[in-house]
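Here's the letter readout for the chains.
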Amino acid sequence: MVDVLIIGAGPAGSMSAALLASRGYDVLVLEKQKFPRFSIGESLLANSLEMLEDAGMLEPVMAQGFQFKNGAAFVHNERYSEFNFAEKFSEGSPFTFQVPRAQFDKVLADEAARRGARVEYEVEITGIDVSGERPVVTSKRGDEIKTHRPRFVLDASGFGRTLPRLLDLDRPSDFPPRAAVFVHVQDNTISGEFDRQKIRVGVHPTNQEVWSWFIPFSNGQASLGIVATPEHHAKFKGSLEERLWQLVADEPKLGHLLRNAKAVRPVAELKGYASKVKSMFGPGFALLGNAAEFLDPVFSSGVTVAMKSATLACDVLHRQLKGERVDWQTEFADPLAYGVETFRNFVIGWYDGSLQDVIFFENQDPAIRRMICSVLAGYVWDTKNPYTGPQSGRRLRALAQMCRAA
Ligand code: FAD
């Protein structure tokens, strides 16, 4: 009898599967695609490395030889500002990795299986009924339809948003629609022109709402993408690949850095990815990672939030399955929201320009810079940092005003 059925084998699904299987539960992960499969989201935050360690999943990740990452570099015309995770305010890991997700996600899924979870690929969840004592879940593999009656369902289906769709839980996001055009390249950058141990975030010369990411991997390849409003994207014509290179050239410093780059896979586009739900849990189910909410790619927060949600949910679920009384709102949704609110306020500040004024301010108080660095490293649940939680937006705006006035 299945204790927990997990939808999707991305980071949230595999981490939950490993945590629950290690505690002796019968765990079934059903994944729609065949692994390894491409996924966007290659820049990890330092905090996610610590969560992997706590889940006992760090060793197989370390063994992959992924690109070491020690911070983030921001570029706007002649302005350059880099944050080194070693200088952050919060305690914790000073480094992380930049990972091709096909490989990273497979390592985590294999580790979950090694711990005893059953992971089945090319099986899609197509239905759920939560009106009875146990959830009744329908899956489909080719023509084969199956019914499952687990004790609990964790939806870790990412942008698939399976339960929000099936149970009508979707709510409009707070953010206006944006689109990302992206690719993997053989970057052929000249040694010394850029520190490969950092994600490079470039801001468009004249439009602060348009930005690029460049995430080098250890094999000479890199993830490259441009995020902009649909109106900005509409200015560029031609095939997706032609548009990508026009967008890259439109940020001259990025164009120069990538002057010898060659695409190694087809260019892709994602639109309107920001999402939100009415509730993150219900009778017999909880939503993890992107299945619950996605804010914006700018601070590489997705995998970190996915792992944090898995960690919190598995603790609550473990106690529930043992027969304890639990409160999913105060023990899962509220603690998760503290960090998500931090990222939300930073995303708002990024697009209204206030955070960019803070990031590029040259005479920043070193103590404040360390606090901002902590958030960029993913330590958004550190309640000791004044720039985390619900107050972070107000404090960030005040800080931006000080930077502008100086
Ligand atoms: P996913 O990784 O999406 O995994 C979900 C899995 O569920 C998939 O394998 C899917 O096949 C499976 N699935 C879906 N539906 C079903 C179904 N019905 N039945 C069975 N299986 C199903 N995050 C970062 O941390 N760093 C970044 O640099 C970053 N960059 C990004 C750039 C862009 C443009 C975007 C849009 C996002 C970015 N993200 C980034 C976010 C990141 O991609 C996600 O937050 C992260 O992958 C979420 O993990 P997850 O486990 O919730 O879901």
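What comes next is a walk through the structure.

Conventions adopted
- Residues numbered from 1 in each chain as written.
- Predicted model: local features only at pLDDT ≥ 70, side-chain atom pairs only at ≥ 80, totals over all residues.
- Heavy atoms only, no water.
- Helix = DSSP H or I, 4+ residues; strand = E, 2+ residues; numbered from the N terminus.
- Rg over C-alpha atoms; globule rule 2.2 N^0.38 Å.
- Contact = heavy atoms within 4.5 Å.
- Areas by Shrake-Rupley, 256 points an atom, 1.4 Å probe, with all protein chains shown as cover.
- Near = heavy atom within 4 Å.
- Polar contact = N/O pair within 3.5 Å; in protein donor to acceptor, adjacent residues only side chain to side chain.
- Nonpolar A, V, L, I, M, F, W, Y, C, P; charged D, E, K, R; others polar.
- Domains from an automatic or database assignment.
- Buried < 20%, exposed > 50% of the residue type's maximum accessible area, 1.4 Å probe, protein only.

1. Some details on the overall build of the protein
- From N to C terminus, the protein includes 14 helices and 21 strands.
- Whereas a compact globule of 406 residues would reach a radius of gyration of roughly 22 Å, the protein reaches 21 Å, a difference of no more than 12%.
- Dimensions along the principal axes, computed over C-alpha positions, put the protein at roughly 60 × 45 × 40 Å.
- Intrachain contacts of the protein at a sequence separation of at least 6 include 73% that bridge at least 24 residues.
- In the structure as shown, the protein presents an accessible area of about 16600 Å², 50% of it carried by carbon and sulfur atoms.

2. Brief notes about the site of the ligand
- With respect to spatial proximity, 38 residues lie near the ligand, and among them E31, I40, S43, N290 and V303 are the closest.
- Interatomic distance of 3.2 Å between a backbone N/O atom of S300 and an oxygen atom of the ligand.
- For the ligand, whose free accessible area comes to 1000 Å², the fraction covered by protein is 96%.
- Taken together, the elements giving at least two residues each to the shell around the ligand come down to α1 (11-22), β2 (27-31), β8 (124-129), β15 (211-216), α9 (289-292) and α10 (302-321).
- Classifying every residue of the shell around the ligand by side-chain character gives 19 nonpolar, 13 polar and 6 charged.
- Shared between two domains, the shell around the ligand takes at least three residues from each, and those domains are domain 1 (4-67 + 99-172 + 275-339) and domain 2 (179-271).

3. A word on helix α2 (residues 46-54)
- Among all positions in α2, only A46, N47, S48, L49, M51 and L52 are buried.
- Where α2 is buried, its residues touch α1, α3 (58-62), β6 (96-98), α4 (101-114) and α10.

4. A closer look at the environment of H233
- Within the element layout of this structure, H233 appears in helix α6 (residues 230-233).
- Judged by its relative accessible area of 4%, H233 falls in the buried class.
- Between the C-alpha atoms of H233 and R178, which are 55 residues apart in sequence, the distance is 9.3 Å.
- Contacts of H233, omitting those with residues within four sequence positions, involve A179, A180, V181, I226, V227, A228, R243 and L247.

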